[in-house]
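Examination of the molecular architecture
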Amino acid sequence: FRVQVRMKAIVLVLSALLLVSGALAASMPPPFTRVLSLQSPPMKGNDVTILQNLILRSPYVTGSGVNTTGVYDSATEAAVSDFQKGNHIAVTQGYGVFDSVTANTLLTLHSCDGYIDSGAPASSYGNYKYKIYIQIVNNRSIETNAILLDANNTLLHKFRVRTHGYDTFNQNAPWPSYSNTVGLNMFSSNGATPTGLIECDLNSPEPNATLYGPFPINRAVVGIKGNAQFLMTHTGSIRNGILLHTGLWPNWNPTMDMPNSEGCIHAHPIDIATVWQILTKKLGVVVNENPFGEQPYPYTPQGLLSIEQVGCQ
């Protein structure tokens, strides 16, 4: 009888611990879904990679020895501890444990990558035929302008874009989805379009014209600078499938704001068609067969995307 009572008590304690652990994880801000800490075997994943890249921007962890390996090692624990102490964070689970308060503070202070478009032509970076430059703001529901430039920085087309992804981590909104919110951050799947300098390429149309439009799309491939540099790599990208495209949105007209995307860049149908025509007829860009997110990307990218957040420098 005593053994049974003891076992029941152990089960109740374990259940309570699981409930507490689940509650702590649920309070983590996207893209983080779990509390991170030094364990054996070590915790690994994209969330650790994001943490490591952002925390290296803190003046309190300079020279910490953190490597962006995606493994929560002792150096990462020390960096988190230094970050917490430097920012006077009231920790809930001890220094070095990456909890929800620490995660929110890190995202608030260091989401900005400081990327500024240099104004250099696409040709100065390599054998690129064009660049699409976009200035955005933190509130991604505010639509902004993009400009298409040839390899020598000649302006060829100016058009309106929307870089707002999902509103929340668990998106259940009907399609097409319209909102006036900041939206899910760029580190999250289907969140806002990442900032930075990115290789891109022209691909044949997506098969679903309703969702992606009937025209060839520009695919963001590999990040070169900014947040995109660690979010979009040759293999194992944290963010993938980011396209410049349009859609056949019901009851929509060009006087309206565009709907939110799944983390892509939306533009008006006429502009996506115009960009396609300019790229192929004026610049000799080839429409490569759509690889649908295949990694590593099977073609040589022909262009650049430059996405700069105003006020993030």
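Residues numbered from 1 in each chain as written. Predicted model: local features only at pLDDT ≥ 70, side-chain atom pairs only at ≥ 80, totals over all residues. Heavy atoms only, no water.

**Some thoughts on the packing of aromatic side chains**
Inclusion rule: Classification of ring pairs uses Phe, Tyr and Trp, with its six-membered ring standing for Trp, and accepts pairs whose centres are within 6.5 Å; under 30 degrees between planes counts as stacked, over 60 as edge-to-face, and the remaining range as tilted. Under the DSSP-based scheme used, a helix requires at least four consecutive residues in state H or I and a strand at least two consecutive residues in state E, with every element numbered from the N terminus. Burial classes: relative accessible area under 20% of the type maximum marks a residue as buried, over 50% as exposed, and values in between as partly exposed (1.4 Å probe, protein chains only). Geometrically, a lysine NZ or arginine CZ counts as sitting over a ring once it is within 6 Å of the ring centre and also within 35 degrees of the ring normal.
In total, this model carries five aromatic pairs according to the counting rule given. Note on F215 and W276: the rings are 6.2 Å apart at their centroids and 35° apart in plane angle, and the pair reads as tilted. Of this pair, F215 sits in the loop between α5 (209-212) and β5 (217-225) while W276 sits in helix α7 (residues 269-282); the two residues are 61 residues apart in sequence, bridging distant segments of the chain. With a relative accessible area of 26%, W276 lands in the partly exposed category. Seen from their ring centres, Y297 and Y299 are 5.5 Å apart, and the 75° between their planes marks the pair as edge-to-face. Its end group placed over the ring of Y95, K85 keeps NZ or CZ at 5.1 Å from the ring centre.

**Considerations on the environment of V80**
Here is the rule we go by: Whether two residues are in contact is decided by their heavy atoms, any of which lying within 4.5 Å being enough.
Here V80 lies in helix α3 (residues 74-86). The buried category is assigned to V80, whose relative accessible area is 0%. Considering only alpha carbons, one finds V80 and L184, 104 residues apart in sequence, at a separation of 24 Å. With residues up to four places along the chain from it excluded, the contact list for V80 reads L51, I55, Y72, G96, V97, F98 and T102.

**Quick look at the pattern of salt bridges**
The test is simple: Basic side-chain nitrogens of Lys or Arg form a salt bridge, by our definition, when they fall within 4 Å of a carboxyl oxygen of Asp or Glu.
Here the structure, examined in full by the defined rule, presents six salt bridges. R160 is paired through a salt bridge with E143; the nearest N and O atoms lie 2.7 Å apart. Separated by 17 residues along the polypeptide, R160 in strand β3 (residues 155-162) and E143 in the loop between β1 (130-136) and β2 (144-150) bring together distant segments of the chain. With a relative accessible area of 32%, R160 lands in the partly exposed category.

**Thoughts on unusual backbone geometry**
Put simply, W175 and P176 share a cis peptide bond, and its omega is -10°. Here P176 shows up in the loop between β3 and β4 (196-203). A positive phi is found at N190, a non-glycine position, where the angle reads about 65°. Structurally, N190 is set in the loop between β3 and β4. Within the chain, F292 stands out as a residue other than glycine whose phi angle is a positive 55°. Note on placement: F292 falls in the loop between α7 and β8 (303-309).

**Let's talk about the nonpolar core**
Formally: Throughout, nonpolar core names a set of buried Ala, Val, Leu, Ile, Met, Phe, Trp, Tyr and Cys residues whose side chains join them through atoms within 4.5 Å.
If you look at the biggest cluster of nonpolar residues, it comprises 56 residues, and the most contacted ones within it are L51, F98, I132, I134 and F159. Ignoring anything within four residues of it in the chain, the contact list for F159 reads I132, T144, N145, A146, L148, L244, A267, D271 and V275.

**Observations concerning the layout of surface pockets**
Using the following cut-off: Note on definitions: the grid is 1 Å and covers protein atoms alone; a cavity is a set of points where a 1.4 Å probe fits but cannot get out; a pocket is an open set with protein on both sides within 12 Å along at least five of seven lines; lining residues have an atom within 4 Å of a point. Grid points are joined across faces, edges and corners, and a volume is the space filled by probe spheres set on the points. Note on residue categories: nonpolar means Ala, Val, Leu, Ile, Met, Phe, Trp, Tyr, Cys or Pro, charged means Asp, Glu, Lys or Arg, and polar means any other residue, Gly included.
Looking at the largest pocket, its volume works out to about 430 Å³. Every element with two or more residues in the lining of the largest pocket is listed here: α5 and β6 (243-245). Taken together, the residues that form the lining of the largest pocket break down as 10 nonpolar, 11 polar and four charged. By volume, the second largest pocket amounts to about 310 Å³. Forming the walls of the second largest pocket are 16 residues, and the residues nearest its centre are S111, N138, V182, N185 and M186. Of the residues assigned to the lining of the second largest pocket, the class counts are nine nonpolar, six polar and one charged.

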